[in-house]
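# Residue-level structural notes
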Amino acid sequence: MNDLISQLQSLVGAAHVLVGGDLSAYELDWRRRQHGKAFAVVRPASTAEVAAVVRACAAAGTPIVPQGGNTGMVVGSTPDTSGTQVVLSLQRMQAVRDLDSANLTVTVEAGCVLQSLQERAREAGLLFPLSLAAEGSCTIGGNLATNAGGTQVLRYGNTRDLCLGIEVVTPQGETWEGLSGLRKDNTGYDLRDLFIGSEGTLGVITAATLKLYPLPAATLTAWAAVPTMEAAVQLLTMARRKLGAGLTGFEVMGQFALSLVARHYPQMRVPFVQDSPWCVLLENADHESEEHARAQFESLLEAALEAGCATDAVVAENIAQARQLWHVRESIPLAQAEEGLNIKHDISLPISSIPAFCAETDARLVREIPGVRLVNFGHLGDGNLHYNVQAPEGGDAVAFLREREHAVNDLVHRQVARFKGSISAEHGVGSLKVDSLPTYKSAVALSMMRAVKRALDPANLMNPGKVLRL
Ligand code: FAD
Ligand code: 2HG
Ligand code: ZN
């Protein structure tokens, strides 16, 4: 084993092979659900170095856990507790290799932080639309490996829809240079799409060619109080009709989720939190002008108030106000973490079924766990709810998870299946849902997934124990 350490040191430099000391930034997941133990953390600086590291690990039979910003929600990017897995961090590979304004593409290395890419695109007068609260630290490689969603999916799609080509180091240490900027290419199986969403289990993504868009002339944000989840769905239908492709964001937030933001960040103003069981945040991006966008928004909100699907609404006056509203929404996961360990369900459902799903599932949880607190929010425009469960007020969160997590997951996942939904809309399977997947995925689909995994990674060295058990 020490041979491997010295080999890795000679490949990437001793300063970039971390062993011993405090490695919790790499070993502990963002939600603090599991503190793993790495054999070493290796930080290569180029695709060639990644390939050499993978070859050395493959020869030694040492498993690899690819890692970007370590902001994942399902314990997918950290090692297990065995002390035998190498964490391969892409954080030193941050270069923007090429930006082609005419082709509307950018080619970027996997460790590039999402926010840096958004800024780079904006400097070129263009938009990279992927947006999520972790954008200050998550990486493009991690976004691709989890097929991240975020707050602009209803207009621009998931990360998969934003990707035209990728570069991958295979589990054998070969490099596939698939950095195509083509929008059409029907030359056989889509290997790119196999790696997107594979959560580090099929290879290491080292770079990608991504789509850019023209910047809208104006982007406006509104916040509405809505009386029920049915009303929120009705407002979504109206917004789609009235704003068309201009509707770029539609987020729903339950009163308890917002009250956690108000509790943990008292300096933040949370509109309508006292008065309304639900709030909705809407975004309208317009290619004509700010006046046009505002007039559209005002007409939508007036119609919504008249129809009773909103009880109050405001349109942000300027960019600073819009940012504040987004900041409130994006602070929910952090406020929830401040409140204590919790159970997360990142689910998708047909939008039409969401009100009935919530009514039934809320009632069952409240009946079975007196005092349980439901932190319900998410990307309603995509049919994606973060249907999270927090221990009763003042309860011991560790004991709550130990005693209740399995039963709560079971109840919620069965309800999701009953309403024909998915148990993971955006965060993925990782290790937290690996044992639930076989119950909710068809046997045929699972067997094809295993066949793919065995074909590409026969030695099971790429992020073993995540997504699938072999
Ligand atoms: P990591 O956490 O490091 O890794 C995630 C997975 O990808 C792991 O399985 C890892 O092995 C694999 N991986 C990472 N890099 C590579 C690579 N280069 N090659 C191969 N495999 C790799 N997610 C959403 O979808 N939508 C949201 O709105 C959203 N909001 C969030 C808000 C907060 C506050 C936080 C903390 C997280 C949020 N997430 C969200 C989850 C997370 O940010 C995303 O999953 C993100 O895409 C992970 O990127 P990362 O670089 O941190 O990846
Ligand atoms: C979000 O939409 C993220 O903010 C995190 O996907 C969701 O904390 C969560 O459950
Ligand atoms: Zn989300």
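Relevant structure appears above.
Now for a look at the structure at hand. All values reported here derive from a predicted model rather than from experimental measurement.

Attention shifts here to the sheet that holds strand E14 (residues 278–286). If you trace the 7 strands from one edge of the open sheet to the other, you get E15-E12-E14-E13-E17-E18-E16, paired in antiparallel fashion. Single-partner strands in this sheet number two, and they are strand E15 (312–315) and strand E16 (346–348). Within the sheet, the average angular offset between the axes of one strand and its neighbour, ignoring direction, is 15°. Pairing analysis gives 7 bridges linking strand E13 (residues 247–254) to E14, with the strands arranged antiparallel. Residue pairing for E14: Val252 is matched across the bridge by Val280.

Here the focus is the site of ligand 1. What surrounds ligand 1 is a group of 35 residues, the closest being Pro66, Gly68, Gly69, Thr71 and Thr139. With respect to ligand 1, the side chain of Asn463 contributes an N or O atom lying 3.1 Å from an oxygen atom. Look at ligand 1: alone it shows 960 Å² of surface, and the protein chains cover 97% of it. Mapped by element, the contributors of at least two residues to the shell around ligand 1 are strand E3 (64–67), helix H5 (140–146) and strand E10 (204–211). For the shell around ligand 1, the element with the most residues is H5, which contributes 5 residues. For the shell around ligand 1, the class distribution of residues is 13 nonpolar, 20 polar and 2 charged.

Quick look at the coordination of the zinc ion (ligand 3) now. Protein-derived ligands of the zinc ion (ligand 3) are His379 (NE2), His386 (NE2) and Glu426 (OE), with the metal-ligand distances lying across 1.8 to 2.1 Å. Sequence positions of the residues that donate to the zinc ion (ligand 3) give the spacing H-x6-H-x39-E. Just as His379 is buried, His386 falls in that class too.

Near ligand 2 the following residues occur: Met73, Arg329, Pro333, Lys344, Phe377, His379, His386, Asn388, Glu426 and His427. His427 places a polar side-chain atom, nitrogen or oxygen, 2.7 Å from an oxygen atom of ligand 2. A total of 300 Å² of accessible area belongs to ligand 2 in isolation, and the protein chains cover 91% of it. Those elements that place two or more of their residues in the shell around ligand 2 are strand E17 (373–379) and strand E18 (384–390).

Further remarks concern the environment of Ala59. Looking at the element boundaries, Ala59 is found in helix H3 (residues 47–60). Taking C-alpha positions, Ala59 is 64 Å from Ala295, a pair spaced 236 residues apart along the chain.

The next subject is the sheet that holds strand E1 (residues 17–18). Ordered in space as E1-E2-E4-E3, the 4 strands form an open sheet in which the pairing is mixed. This sheet does not close on itself; its edge strands, each paired only once, are E1 and E3. Looking at chain direction, E1 and strand E2 (residues 38–42) are connected through 2 bridges and run antiparallel. Among the inter-strand pairings, Leu18 is bridged to a residue of E2, identified as Val41. Relative to E2, helix H1 (residues 2–12) is tilted by about 10°, and along the sheet it contacts E1, E2 and strand E4 (85–89). The sheet contacts of H3 involve E2, E3 and E4, and relative to E4 the element is tilted by about 175°.

Sheet topology places strand E8 (residues 163–169) next to strand E9 (residues 175–178); 4 bridges connect them, and they run antiparallel. The residue of E9 that forms the bridge with Glu167 is Glu177.

With that out of the way, let us pick up the packing of helix H13 (residues 354–368) against helix H14 (residues 397–418). The N-to-C vectors of H13 and H14 enclose an angle of 155°; their axes lie 11 Å apart at closest approach. On the basis of their axis angle, the class for H13 and H14 is roughly antiparallel. At the point where H13 passes H14, the crossing takes the right-handed sense. Residue-level contacts link Phe357, Glu360, Thr361, Arg364, Leu365 and Glu368 of H13 to Arg404, Val408, Leu411, Val412, Gln415, Val416 and Arg418 of H14.

Scanning the model with the defined rule gives 17 salt bridges in all. Between Arg373 and Glu339 there is a salt bridge, with its nearest N and O atoms 2.8 Å apart. Placement of the pair is Arg373 in strand E17 and Glu339 in helix H12 (residues 332–339), with a sequence separation of 34 residues. Of the two residues examined, Arg373 and Glu339, each falls in the buried class. With its nearest N and O atoms 2.5 Å apart, the salt bridge here joins Arg418 to Glu360. Residue Arg418 is found in helix H14, and its partner Glu360 is found in helix H13; the two are separated by 58 residues along the sequence. For Glu360, a relative accessible area of 31% puts it in the partly exposed group.

Counted according to the given criterion, the structure contains 4 aromatic pairs. Ring centres of Trp176 and Phe195 lie 6.2 Å apart, and the angle between their planes is 35°; on these two criteria the pair is classed as tilted. Of this pair, Trp176 sits in strand E9 while Phe195 sits in helix H7 (residues 191–195), and the two are 19 residues apart along the sequence. Taking relative accessible area as the criterion, Trp176 reaches 27% and is therefore assigned partly exposed. Assessed through its relative accessible area of 7%, Phe195 is described here as buried.

Each value, and the rule that gives it
Residues numbered from 1 in each chain as written. Chains lettered and ligands numbered in written order. Predicted model: local features only at pLDDT ≥ 70, side-chain atom pairs only at ≥ 80, totals over all residues. Heavy atoms only, no water. Pairing = 2+ DSSP bridges. Helix = DSSP H or I, 4+ residues; strand = E, 2+ residues; numbered from the N terminus. Axes fitted to C-alpha atoms, helices over the stretch in contact; angles between N-to-C directions. Near = heavy atom within 4 Å. Polar contact = N/O pair within 3.5 Å; in protein donor to acceptor, adjacent residues only side chain to side chain. Areas by Shrake-Rupley, 256 points an atom, 1.4 Å probe, with all protein chains shown as cover. Nonpolar A, V, L, I, M, F, W, Y, C, P; charged D, E, K, R; others polar. Donors = N, O, S within 2.8 Å, 3.2 Å for Na, K, Ca; no water. Buried < 20%, exposed > 50% of the residue type's maximum accessible area, 1.4 Å probe, protein only. Contact = heavy atoms within 4.5 Å. Parallel < 35°, antiparallel > 145°, perpendicular 65-115°, else oblique. Left-handed = near helix turned anticlockwise from the far one by under 90°. Salt bridge = Lys/Arg side-chain N within 4 Å of Asp/Glu carboxyl O. Phe/Tyr/Trp six-rings, centres within 6.5 Å; stacked < 30°, edge-to-face > 60°.

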